[in-house]
Amino acid sequence: MDKNRNTQQSGGGTPLAGRIALVAGATRGAGRALAVELGRAGATVYVTGRTTREHASEVGRTTETIEETAELVTAAGGTGIAVPTDHLDEDRVRALVERIDREQGRLDILVNDLWGGEHLLIGSVFGKKSWETPLADGLRILELGVRSHVITAALALPLLVRSEAPLHVEVTDGTAVSNRRYRENLYYDLAKNAPIRIAFGLGEELAEYGGTAVAVTPGFLRSEQMLAHFGVSEENWRDAVAQEPGFAIAESPHYLARAVAALAADPDRAARWNGKSASSAELARAYGVRDIDGSRPDAWAYFEDVTYGGKDGSPDDYR
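The shown structure was predicted, so the numbers you read here are calculated from the model rather than taken from an experiment.

**Some remarks on the overall build of the protein**
Looking only at helices and strands, the protein has eleven helices and seven strands in total. Since a compact globule built from 319 residues should have a radius of gyration of about 20 Å, the 19 Å found for the protein is in line with a globular shape. Judged by the C-alpha coordinates and their principal axes, the protein covers about 55 × 40 × 40 Å. Per-residue burial over the protein gives 56% buried out of 319 residues. Within the protein, contacts between residues separated by at least 24 positions form 70% of all contacts whose residues are at least 6 apart in sequence. Accessible surface for the protein amounts to roughly 13500 Å². Of this, 51% is attributable to carbon and sulfur atoms. Taken together, the 35 basic and 46 acidic charged side chains of the protein have centroids lying 2 Å from each other.

Here it is as structure tokens:
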């Protein structure tokens, strides 16, 4: 079989069979779930990140690794391939892309879920003016949330456009609509708005290749780090609502991931989503997707109506 032909075999529950995906930043959270759900739909998924079984990144968590993510992809029915990569290292990213080219001949789906800056937020961002944020921490946030995305896109797009229908997904925090509000701190605001503009700009550039670029966001994410922060697990996450009432609107990482997998399998995705930003809830409604508990939470609508708008309502009204 010609590696350079974009085979679109699909059968039953594997609409992405034969597709090649790269999820950059797949160690944990939304990135891990995105890799798993793309694999469940049949894709071969290269999963990258800085934390391996031998080395932990600056995030400081050893409980999730890219090797484990790759194993979860394969267990879900896809093919998971772990490649340790620091996406701020141009040589490492270039080597990653060359490996995918050598082994597959093309790339169909690129997911930029790079971040890893949570450890900087509590002490250096939240509740602080930009000039109170240590400059080194602020610049690191921009490196992790913006520069890494640009490096990865710049080096992987020449391979991505070989696909008959390239898909570029930017993962961020908030949509263009929700992020019209200032995101509390200049560095964080820039880091979370930049992927939206990246998707907008790349949508313009990919259009002539039949491609789609879209920015997506989860709502209040029940990531491994967030669950650990509240001292709960996925099984008893509602116990954290007593500490943080807003956590009642939280969603699992698989909610966004299922929606993105459905988008990736949509032959009309360019007309529907190119250059746009969308929340997990918006995508879920469009594709009939539900979270792992059967609900369809819309955290951003809850924040808009209740948290900021003063409307009477509870998280249950938005699930």
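**Side note on a nonpolar patch on the surface**
A contiguous nonpolar patch, built from Y182, L186 and L190 and spanning about 290 Å² of accessible area, is present on the exposed surface. Mapped onto the secondary structure, Y182 falls in the loop between β5 (167-171) and α6 (186-206). We classify Y182 as exposed; its relative accessible area is 51%.

**Some words on helix α3 (residues 90-104)**
End to end, α3 covers 21 Å across 15 residues, agreeing with the expected 21 Å (1.5 Å per residue, within 8%). Residues V93, L96, V97, I100 and Q104 constitute the buried set of α3. Each buried residue of α3 lies within a common arc of 90° when the element is viewed along its axis, so the set occupies one face. More than 90 degrees from the buried face of α3, the exposed residues found are D91 and R102.

**Concerning the side chain of T172**
Mapping T172 onto the fold places it in the loop between β5 and α6. Within the structure, T172 has its side chain in polar contact with the backbone oxygen of K192 (distance 2.7 Å). When residues no more than four places from it in sequence are discounted, the contact partners of T172 are A191, K192, P195, I196, V216, T217 and P218.

**Some thoughts on the packing of helix α1 (residues 29-40) against helix α2 (residues 66-75)**
In contact at an axis separation of 8 Å, α1 and α2 are set at 25° when each is read in the N-to-C sense. The pairing of α1 with α2 is recorded here as roughly parallel in orientation. Where α1 crosses over α2, the two elements pack in a sense that is right-handed. On the side of α1, the interface is formed by R32, A35, V36 and G39, while α2 contributes E68, T69, L72 and V73. When its residues are assigned to classes, the contact of α1 with α2 shows four nonpolar, two polar and two charged.

**Some details on the packing of aromatic side chains**
Inspection of the entire model under this criterion finds nine aromatic pairs. Ring centres of W273 and Y287 lie 6.3 Å apart, and the angle between their planes is 40°; on these two criteria the pair is classed as tilted. With W273 in helix α9 (residues 269-273) and Y287 in helix α10 (residues 280-287), the pair connects residues that are 14 residues apart, well separated along the chain. Of the residues examined, W273 reaches a relative accessible area of 11% and is grouped as buried. Aromatic rings pair up to connect F220, F230, W237 and F247 into one cluster.

**Brief notes about the packing of α1 against helix α8 (residues 253-264)**
Where α1 contacts α8, the axes come no closer than 8 Å and their chain directions differ by 45°. Between α1 and α8, the crossing angle belongs to the class labelled oblique. Judged by the twist between their axes, the crossing of α1 over α8 is right-handed. Between α1, through G29, A30, A33, L34, V36, E37, L38 and R40, and α8, the contact on the second element is made entirely by P253, H254, L256, A257, R258, V260, A261 and A264. Looking at the contact of α1 with α8 residue by residue, the classes come out as eleven nonpolar, two polar and three charged.

**Some remarks on the sheet that holds strand β2 (residues 44-49)**
With parallel pairing, seven strands are arranged side by side in an open sheet as β3-β2-β1-β4-β5-β6-β7. At either margin of the open sheet sits one strand with a lone partner, and together these are β3 (79-84) and β7 (277-279). Recorded for the sheet is a direction-independent mean angle of 20° between the axes of neighbouring strands. Sheet analysis places β5 next to strand β6 (residues 212-217), joined by five bridges and oriented parallel. Counterpart to L167 in the pairing with β6 is T212.

**What about the pairing of strand β4 (residues 109-112)?**
Of the two faces of β4, the one carrying I109 and V111 and the one carrying L110 and N112 are both buried. By the bridge criterion, four bridges tie strand β1 (residues 20-24) to β4 in an arrangement that is parallel. Bridge pairing links L22 to L110 in β4. As paired strands, β4 and β5 are joined by four bridges and run parallel to one another. Bridge pairing links L110 to H168 in β5.

**Quick word on the pattern of salt bridges**
The tally for this structure, following the rule as stated, stands at 19 salt bridges. Put simply, R61 and E64 hold a salt bridge, and the shortest N to O gap is 2.6 Å. Note on accessibility: R61 and E64 belong to one class, buried.

Here is what the cut-offs are and how they apply
- Residues numbered from 1 in each chain as written.
- Predicted model: local features only at pLDDT ≥ 70, side-chain atom pairs only at ≥ 80, totals over all residues.
- Heavy atoms only, no water.
- Helix = DSSP H or I, 4+ residues; strand = E, 2+ residues; numbered from the N terminus.
- Rg over C-alpha atoms; globule rule 2.2 N^0.38 Å.
- Buried < 20%, exposed > 50% of the residue type's maximum accessible area, 1.4 Å probe, protein only.
- Contact = heavy atoms within 4.5 Å.
- Areas by Shrake-Rupley, 256 points an atom, 1.4 Å probe, with all protein chains shown as cover.
- Lys, Arg positive; Asp, Glu negative; His and termini not counted.
- Charge placed at Lys NZ, Arg CZ, Asp CG, Glu CD.
- Patch = residues over 30% accessible without salt bridge, like charges linked within 9 Å, V, L, I, M, F, W, Y side chains within 5 Å.
- Salt bridge = Lys/Arg side-chain N within 4 Å of Asp/Glu carboxyl O.
- Expected span 1.5 Å × (residues − 1).
- Arc of directions from axis to C-beta.
- Polar contact = N/O pair within 3.5 Å; in protein donor to acceptor, adjacent residues only side chain to side chain.
- Axes fitted to C-alpha atoms, helices over the stretch in contact; angles between N-to-C directions.
- Parallel < 35°, antiparallel > 145°, perpendicular 65-115°, else oblique.
- Left-handed = near helix turned anticlockwise from the far one by under 90°.
- Nonpolar A, V, L, I, M, F, W, Y, C, P; charged D, E, K, R; others polar.
- Phe/Tyr/Trp six-rings, centres within 6.5 Å; stacked < 30°, edge-to-face > 60°.
- Pairing = 2+ DSSP bridges.

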